[in-house]
Amino acid sequence: MSKQPKYRQVADALRREVVNGVYPPGGRLPSESDLSARFDASRNTVRAGLNLLVSEGLISSSQGLGYEVRKHEVFELNASLFENLNFPQSGDAYNTDVTNAGRRPHQTFRVEMAPTTEYTAQRLQVEVGATSVLRFCHRYVDDVPWSTQATHYPEWLALQAPRLSEPGDIAEGTTRYLAGLGVEQVGYFDEIATRMPTPEEARLLEIGAGIPVLLWTRTGYSTERPIRCTVTTFRGDLNRMNYEIGDVSARSRNEAS
């Protein structure tokens, strides 16, 4: 006999069935009353087990509609190739990657002058509260919220590159735009972290209970100093990030065979 509490036994059994495809993405689980009969447990016990799966982000609940297995159509981002100017692009790196994956990109923009926080000031090597250009975009893949991206550019750079502070998109991408002005990004430093979303992030990304966010901070450098700090916040359930380091040509050959 299992020593696990009954509600955890319910959650474990249903979790296995979801993972094994008994209940596919978008499929509905049996009602609480049906599950109560199956597991010989009270509805409160069953509900506690279901709520555990909700908190894990495996299922969602809607009042009057029961419980549904979450759909996880994951988008894979190759972070080492993102913004690589040696690759042909159709617009900026985001549009290129999403389009090449056979998906549909869409994004909205907000541009403003804003004081740097301690987090961004440290990475841009400027004083906390110093003015920076904030370019904020809300990105979608196939009309599903995918990420938010906040890029801070130091004020000295905005004086050299006035399009940075203009509203709307820079069609070729800011990295190409700056390179065209002689401000070339020669390297970047990435930081990856996870946490639970803020209420604002949960609203913008339409994140349900139990879903973390993936934070990707990229600080770009010229040969002399930092030129930008980009913080991208991804839905943790719909994204996977990878890097290619060194010669991985054998990977492509093995995939093709």
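Whatever comes next refers back to the structure up there.
Residues numbered from 1 in each chain as written. Predicted model: local features only at pLDDT ≥ 70, side-chain atom pairs only at ≥ 80, totals over all residues. Heavy atoms only, no water.

(A) Seen up close, empty space enclosed by the protein. This structure, assessed with the given rule, holds three cavities of 30 Å³ or more. In this structure, the second largest cavity occupies an estimated 50 Å³ of space. If you trace the second largest cavity, you find it lined by Y153, T174, T175, L178, V183, Q185, I227 and R228. Among the elements of the structure, α7 (174–180) and β9 (226–235) are those that each provide at least two residues to the lining of the second largest cavity. (1 Å grid on protein atoms, 1.4 Å probe; cavity = no way out; pocket = protein on both sides within 12 Å on 5 of 7 lines; lining within 4 Å. Points joined across faces, edges and corners; volume = space filled by probe spheres on them. Helix = DSSP H or I, 4+ residues; strand = E, 2+ residues; numbered from the N terminus.)

(B) Region of interest: the sheet that holds strand β6 (residues 144–154). Read across the sheet, six strands follow the order β4-β5-β6-β9-β8-β7 without closing on themselves; strand pairing throughout is antiparallel. One side of each edge strand has no neighbouring strand; the edge strands of this open sheet are β4 (105–115) and β7 (187–195). When the angles between neighbouring strand axes are averaged without regard to direction, this sheet yields 15°. Bridging between β6 and β9 involves six bridges; their strand directions are antiparallel. Bridging across to β9, S147 finds its partner in F234. (Pairing = 2+ DSSP bridges. Axes fitted to C-alpha atoms, helices over the stretch in contact; angles between N-to-C directions.)

(C) Just the nonpolar core, in detail. Counting 19 residues, the largest nonpolar core has L14, L29, F39, L50 and I59 as its most contacted members. Those elements that provide at least two residues to this core are α1 (6–19), α2 (32–39), α3 (43–55) and β2 (66–69). Contacts of L29, omitting those with residues within four sequence positions, involve L14, Y23, L50, I59, Y67 and V69. (Core = buried A, V, L, I, M, F, W, Y, C linked by side-chain atoms within 4.5 Å. Buried < 20%, exposed > 50% of the residue type's maximum accessible area, 1.4 Å probe, protein only. Contact = heavy atoms within 4.5 Å.)

(D) Expanded view of the layout of surface pockets. Taken as a whole, the second largest pocket holds about 360 Å³ of empty space. Lining the second largest pocket are 17 residues, and of these F136, A150, E201, V231 and T233 lie nearest its centre. Elements represented by at least two residues in the lining of the second largest pocket include exactly α5 (118–124), β5 (131–141), β6, α8 (199–205) and β9. The dominant element in the lining of the second largest pocket, judged by the number of residues it contributes, is β6, at four residues. For the lining of the second largest pocket, the class distribution of residues is seven nonpolar, seven polar and three charged. (Nonpolar A, V, L, I, M, F, W, Y, C, P; charged D, E, K, R; others polar.)

(E) Here's a closer look at the side chain of T116. Along the chain, T116 falls in the loop between β4 and α5. You can call T116 buried: its relative accessible area is 3%. The contact partners of T116, leaving out residues within four places of it in the chain, are A121, L124, V126, E127, V128, G129, A130 and S132.

(F) Seen up close, the pattern of salt bridges. Taken as a whole, this structure holds 14 salt bridges when the rule is applied. Residue D12 is joined to R15 by a salt bridge in which the shortest nitrogen-to-oxygen separation is 2.7 Å. Of this pair, D12 and R15 both sit in helix α1, three residues apart, which is roughly one turn of that helix. A salt bridge links R38 to E17; the nearest nitrogen and oxygen atoms lie 2.6 Å apart. On the criterion of sequence distance, the pair formed by R38 in helix α2 and E17 in helix α1 is long-range, its members being 21 residues apart. One network of salt bridges, with partners in common, ties together E32, R43 and R47. (Salt bridge = Lys/Arg side-chain N within 4 Å of Asp/Glu carboxyl O.)

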